[in-house]
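Residue strings, one per chain:
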Amino acid sequence: QVQLVESGGGLVQAGGSLRLSCAASAFSTDTMGWFRQAPGKEREFVAGITWSGSTSYADSVKGRFTISRDNAKNTVYLQMNSLKPEETAVYYCAAERVLWVSQSPSDYKYWGQGTQVTVSS
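Below you will find a few notes about this structure.

1. Overview of the nonpolar core
Ranked by size, the top nonpolar core spans 34 residues in total, and within it L4, W34, L78, M80 and Y91 carry the most contacts. It is strand β9 (residues 89-96) that contributes the most residues to this core, 5 residues altogether. Beyond its immediate sequence surroundings of up to four residues, L78 is in contact with L18, R19, L20, W34, V46, A47, F65, T66, I67 and Y91.

Structure below.
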């Protein structure tokens, strides 16, 4: 059983930056992903990273968001720059014991409780 705890959310103005963190109780060789869900919308993939450091991003965040991980600290990060109001959502960390990044929420077994990100215009 893997427990995930996100932190770093908050209120930021459009164009600003936030750094989210996700601390895992156990990392093993899990692939880690960040997803987000806005009110009334489906949960969507944002970024993912494998144990070896291979990354994948949603087209909408490429060039602005960076996912990274510190395996020694069992922590994955999401640096978000140039944030937009439409990116207001609850951001979730997810983990699965696979060697590739899936963009489908159904492929991830473990989820954190989420952290709210609000981008004001």
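2. A look at the state of the cysteines
A complete count under the given rule lists 1 disulfide for this structure. Between C22 and C93 runs a disulfide, and the two sulfur atoms are separated by 2.1 Å. Linking C22 and C93, the disulfide has an S-S dihedral of approximately -80° and is accordingly described as left-handed. Remark: C93 occurs in strand β9 and C22 occurs in strand β3 (residues 18-24); sequence separation between them is 71 residues.

Rules and cut-offs
Residues numbered from 1 in each chain as written. Predicted model: local features only at pLDDT ≥ 70, side-chain atom pairs only at ≥ 80, totals over all residues. Heavy atoms only, no water. Core = buried A, V, L, I, M, F, W, Y, C linked by side-chain atoms within 4.5 Å. Buried < 20%, exposed > 50% of the residue type's maximum accessible area, 1.4 Å probe, protein only. Helix = DSSP H or I, 4+ residues; strand = E, 2+ residues; numbered from the N terminus. Contact = heavy atoms within 4.5 Å. Disulfide = S-S within 2.5 Å.

Functional significance is not addressed by these values, which are geometric in nature.
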